[in-house]
Amino acid sequence: MKVLFTGVLTVVSLGLFVFSIGASQENSANESVLAATTITLPEVTGVPSPNILLKEINSSRIASNLEPVSVDPVLTATAQERIEDMRQNKYYAHQSPVSGLHYYDLLESRDARVNFSCENLNLSTSATPNSYVNDWLKSRAGHKECMLSPSTTKIGAAIAPMHLGGVAPQYVVVTIYQE
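Analysis parameters
Residues numbered from 1 in each chain as written. Predicted model: local features only at pLDDT ≥ 70, side-chain atom pairs only at ≥ 80, totals over all residues. Heavy atoms only, no water. Helix = DSSP H or I, 4+ residues; strand = E, 2+ residues; numbered from the N terminus. Buried < 20%, exposed > 50% of the residue type's maximum accessible area, 1.4 Å probe, protein only. Contact = heavy atoms within 4.5 Å. Areas by Shrake-Rupley, 256 points an atom, 1.4 Å probe, with all protein chains shown as cover. Phe/Tyr/Trp six-rings, centres within 6.5 Å; stacked < 30°, edge-to-face > 60°. Salt bridge = Lys/Arg side-chain N within 4 Å of Asp/Glu carboxyl O. Core = buried A, V, L, I, M, F, W, Y, C linked by side-chain atoms within 4.5 Å.

Draft legend 1. Just the overall build of the protein, in detail. From N to C terminus, the protein includes seven helices and six strands. If you list the helices and strands of the protein from N to C, you get β-β-α-α-α-β-α-α-β-α-α-β-β. Here the protein, with 179 residues, has 50% of them falling under the buried criterion. Partitioning the contacts of the protein with sequence separation of at least 6, the portion at a separation of at least 24 is 75%. Surface accessibility of the protein: about 8600 Å² in total, with carbon and sulfur atoms responsible for 53%.

Draft legend 2. Structural view of the packing of aromatic side chains. Inspection of the entire model under this criterion finds one aromatic pair. Judged by centre distance (5.6 Å) and plane angle (80 degrees), the rings of Y103 and Y104 are edge-to-face. By the burial criterion, Y103 is buried, and Y104 matches it.

Draft legend 3. Structural view of the pattern of salt bridges. On inspection of all chains with the given rule, the structure shows three salt bridges. Taking the shortest distance from any N to any O, the salt bridge between E119 and R82 comes out at 2.7 Å. Taken together, the residues E119 in strand β4 (residues 116-124) and R82 in helix α4 (residues 73-89) connect sequence positions 37 residues apart. The two residues E119 and R82 agree in class, both being buried. One salt bridge in this structure joins E84 and R87, with 3.5 Å as the shortest N-O distance. On the criterion of helical spacing, the pair formed by E84 and R87 is a turn pair, its members being three residues apart in helix α4. The exposure class assigned to R87 is partly exposed, which follows from its relative accessible area of 33%.

Draft legend 4. Structural view of helix α6 (residues 129-138). Counting buried positions along α6 yields eight of 10 residues, so the element is predominantly enclosed. Those residues of α6 that fall on the buried side of the exposure criterion are P129, N130, S131, Y132, V133, N134, D135 and W136.

Draft legend 5. Region of interest: the nonpolar core. Among the nonpolar cores identified, the biggest contains 21 residues, and L53, I57 and Y177 are the most heavily contacted of them. Elements supplying a minimum of two residues to this core: α3 (50-63), β4, α6, α7 (143-147), β5 (154-161) and β6 (171-178). Every residue in contact with Y177, bar those within four places of it in the chain, is listed here: I57, V69, L75, F116, S117, C118, N120, C146, M147, T152, K154 and I155. Counting 17 residues, the second-largest nonpolar core is a separate cluster that includes M86, L123, V174 and I176.

Written as C-alpha cells, this is what we have:
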C-alpha cells in the first residue's frame, strides 16, 4: 500500500483572510460535472460544509485537467472517525497518540483494499472551506499532490469544531483520498 501523509496548520483571524476561487467560464461549464459527482456528505449546523469543501476540491481538480473525485462512504466514515479521535484525545496529527493508528489502519479495519491513498489535515480558525483548499494548494508538504493526484478517484471528508487553545473557534478538517 502506497501512503502519503500531509497536514497543514493554519491559524487565521476570522475576517482577515477571505479566499475565493473566481468563477470562470471553465468552472461554470463544469458545474454539471461537479453536480453529478457530489453525493451529500454529513453536515453539522454551525460547522463549515464538507459539501462545499468537496465542490472546491473538485473545482481545483477540474482546473488542473483532472477528473473530479466522488464521495465514498467508507472514506467518509474513516474521516469522521479520525476527527472524533482527535477531538476526544485533544490532538492534531496523522497518528493517534492514544491508539497509534493512522487513517490507513482504519481503512484496513474496514476491509478497504487500496494501492494508493493519502490524507490531508487542516486546523484553522477559518470557517471558509475554500481557504482549506487554498492552504493545501500553497503547501509544500505534499498537500497539493495528495489533492490533485491523478490516481485518486474517491474521497471522504469531515469537518468539526475543535478547541486546542486560543479564543477563536477552530475547525479540524480531514480529507482522505483513494484510487
